[in-house]
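Below are the chains, spelled out letter by letter.
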Amino acid sequence: MMAEDDSPQLTLPVGSRDHIQGPSTAGVTLLEYGDYECPYCGAAYPIVKELQKRVGASMRFVFRNFPLENAHPHARQAAEAAEVVGAKGNFWAMHDLLYENQRALTTDDLVGYAERSGVPPPTFRTELRRPVYGERVRQDFESGVRSGVNGTPTFYINGIRHNGSYELEELLAAVEAAGAPAQGPPPGANRSRSPRKRTVG
Amino acid sequence: MKANTPSRPSASPSLLPPGTPAPDFSLPSTPDQKVSLSDLRGRPVVLAFYPADWSPVCSDQMGLYNEILPEFEKFDAEIMGISVDGAWSHAAFARDRKLHFPLLADFEPKGAVARLYGVYMEKEGESARALFVIDRKGTIRWNHLAPTGINPGAEGILAALEGLSRSKSSK
């Protein structure tokens, strides 16, 4: 039995199947299990963007699907849509559009976002009906269940579940503690933040 | 939303340990139905004690279990949530969150079953977040107490259920 304060670990290592932003040489890997219709994931979306800006190439970011179908009726199809566009090589554009338009996730909406991500509507509609994308989303989901996902979003830093909040300061501190130094004072930084972090020029 | 500073429940509950026969109980699952643990003998049972209905998130502990019911069904396991809320609160909560498994009302006498399992928190007047996996013969085989503010995932439950099916098939 796991000790109570041992945080669960990722059971499916980050690999070639994953959608990864940032260099493979990055010392820190931040992985999110997320749901495109979940408002908390929507709140975390700009925070991750800001975090990426602050720590730069010392961190890579991985996104896996964890759609909560009972709570969010559009979540699974949105996840599949991102995978369709991902298979065409433009996952992150679609991922970003979905989070920036969380409240508009009907099939027609998805067709529009896919088109803006470079996948023509007829291709997208055909692909979206193929079972391979649903299977992919299901694999992500199961890997999350086995890895201790306990809500959305759930983050892992270098394979260990992050049990703290995903507020910028806390996530940044955790990522820095794992070895990704912030790259100098960010523009418009929160002045109340303690200046204890290393700055790399 | 996750809490910032996880900590142990205030008055550390002492959970019934693995190997203990699971105390039987009979609690309302709806305003006019009751469930007895002994009715489920022959199937693995997951008891998920939690503090209260209506925690303000879309993917809390019960919501998560709801999403992964098919995983529990693979083990023929029955999962039941238990809190001190009344049957009417449970009914409204289950409807709102579209939950497809029973929530039991440990309401009168308040927290009696939570006390039996060693997970009642006197000061809060609620149960801790605690999990038990009970085998087909009614023996507790695994337990887990979640630190306050941290939802337990399902990985521990599933590992325990796997352990049960392994020990069953090896006999």
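A quick note: this is a predicted structure, and the numbers were derived from the prediction, not measured. (Residues numbered from 1 in each chain as written. Chains lettered and ligands numbered in written order. Predicted model: local features only at pLDDT ≥ 70, side-chain atom pairs only at ≥ 80, totals over all residues.)

## Considerations on the overall build of chain A
- When you go through chain A residue by residue, the secondary structure sums to 7 helices and 5 strands.
- Starting at the N terminus and ending at the C terminus, chain A contains elements arranged as β-β-α-β-α-α-α-α-α-β-β-α.
- Across the 201 residues of chain A, 43% fall into the buried class.
- Considering only residue pairs separated by 6 or more positions, chain A has 73% of its internal contacts joining residues 24 or more positions apart. (Helix = DSSP H or I, 4+ residues; strand = E, 2+ residues; numbered from the N terminus. Buried ≥ 20, exposed ≤ 12 C-beta atoms within 10 Å, placed from the backbone. Contact = placed C-beta atoms within 7 Å.)

## A closer look at the overall build of chain B
- Looking only at helices and strands, one finds 5 helices and 9 strands in chain B.
- Listing each helix as α and each strand as β along chain B from the N terminus yields β-β-β-α-α-β-α-β-α-β-β-β-β-α.
- Across the 171 residues of chain B, 42% fall into the buried class.
- Once local pairs closer than 6 in sequence are excluded, the contacts in chain B between residues at least 24 apart make up 69%.

## Focus on the packing of helix H2 (residues 75–87) of chain A against helix H3 (residues 91–100) of chain A
All names here are of chain A.
- With their axes 7 Å apart at the nearest point, H2 and H3 run at an angle of 155° to one another. As the angle between them shows, H2 and H3 are arranged roughly antiparallel. Handedness of the H2/H3 crossing: right-handed. Contact residues: H2 offers Ala 78, Ala 81, Ala 82, Val 85 and Gly 86, while H3 offers Phe 91, Met 94, His 95 and Leu 98. (Axes fitted to C-alpha atoms, helices over the stretch in contact; angles between N-to-C directions. Parallel < 35°, antiparallel > 145°, perpendicular 65-115°, else oblique. Left-handed = near helix turned anticlockwise from the far one by under 90°.)

## Description of the pairing of strand E2 (residues 28–34) of chain A
All names here are of chain A.
- In terms of burial, E2 is largely enclosed, as 7 of its 7 residues are buried.
- Here E2 shows no split at all, with Val 28, Leu 30, Glu 32 and Gly 34 on one side and Thr 29, Leu 31 and Tyr 33 on the other all buried.
- Relative to strand E3 (residues 59–65), E2 is paired through 7 bridges, and the arrangement is parallel. By the bridge assignment for E3, Glu 32 is matched with Phe 63. (Pairing = 2+ DSSP bridges.)

## Section: unusual backbone geometry
- With an omega of -5°, the peptide bond running from Thr 152 of chain A to Pro 153 of chain A counts as cis.
- With respect to the helices and strands, the residue Pro 153 of chain A is situated in the loop between helix H6 (131–146) and strand E4 (154–157).
- Between Glu 108 of chain B and Pro 109 of chain B the backbone carries a cis peptide bond, its omega angle lying at -5°.
- Looking at the element boundaries, Pro 109 of chain B is found in the loop between strand E5 (103–105) and helix H4 (112–116).
- Positive phi is not limited to glycine here, since Asp 76 of chain B has a value of about 60°.
- One can find Asp 76 of chain B in the loop between helix H2 (69–73) and strand E4 (78–83).
- On the basis of neighbour count, Asp 76 of chain B is assigned to the partly exposed category, with 13 C-beta atoms found within 10 Å.

## Concerning the environment of Ala 182 of chain A
- Turning to its location among the elements, Ala 182 of chain A is positioned in the segment after helix H7 (168–177).
- In this structure, the C-alpha to C-alpha distance between Ala 182 of chain A and Pro 39 of chain A, residues 143 residues apart in sequence, is 27 Å.

## Some points on the sheet that holds strand E3 (residues 45–49) of chain B
Residues and elements named next belong to chain B.
- If you walk across this open sheet you meet the 5 strands as E5-E4-E3-E8-E9, and the pairing is mixed. Of all the strands in the sheet, just E5 and strand E9 (140–145) have a single pairing partner and so form its edges. Neighbour to neighbour, the strand axes of the sheet diverge by 20° on average, direction disregarded.
- In the sheet, E3 pairs with E4 via 5 bridges, with the strands oriented parallel. Within E4, the residue paired with Val 45 across the bridge is Glu 78.

## Digging into the confidence of the model for chain A
- Of all residues in chain A, 89% have pLDDT values of 70 or greater, and the mean over the chain is 90.
- pLDDT under 50 marks residues 188–201 of chain A. Its contacts with residues more than four places away, or in other chains, come to 12 contacts. (pLDDT = per-residue confidence, 0-100.)

## As for the packing of helix H1 (residues 39–55) of chain A against H7 of chain A
All names here are of chain A.
- Look at H1 against H7: their axes get within 10 Å of each other, and the N-to-C directions meet at 45°. In terms of orientation, H1 and H7 fall into the oblique class. Our pair here, H1 against H7, has a crossing hand that is right-handed. Between H1, through Ile 47, Glu 50, Leu 51, Arg 54 and Val 55, and H7, the contact on the second element is made entirely by Leu 168, Leu 171, Leu 172 and Val 175.
- Counted by class, the contact of H1 with H7 contains 7 nonpolar, no polar and 2 charged residues. (Nonpolar A, V, L, I, M, F, W, Y, C, P; charged D, E, K, R; others polar.)

## Let's talk about the nonpolar core
- One finds Val 175 of chain A together with Phe 49 of chain B to be the most contacted residues of the largest nonpolar core, which totals 95 residues.
- Take this core: its biggest share by element is 7 residues, from H2 of chain A.
- Those residues in contact with Val 175 of chain A that lie beyond four places of it in its chain are Val 28, Leu 30, Leu 51, Val 55, Met 59, Ile 157 and Ala 180 of chain A. (Core = buried A, V, L, I, M, F, W, Y, C linked by C-beta atoms within 7 Å.)

## Considering the environment of Ala 81 of chain A
All names here are of chain A.
- Residue placement: Ala 81 occurs in helix H2.
- The exposure class assigned to Ala 81 is buried, which follows from the 28 C-beta atoms found within 10 Å.
- For the pair Ala 81 and Phe 124, spaced 43 residues apart in the sequence, the C-alpha separation amounts to 8.1 Å.
- Apart from residues lying up to four places away in sequence, Ala 81 is in contact with Met 94, Leu 110, Ala 114 and Leu 128.

## Remarks on the sheet that holds strand E5 (residues 160–161) of chain A
- The mixed open sheet is built from 5 strands, whose spatial order is E1-E3-E2-E4-E5 (chain A). Lying at the two open borders of the sheet, with one neighbouring strand each, are strand E1 (19–21) and E5 of chain A.

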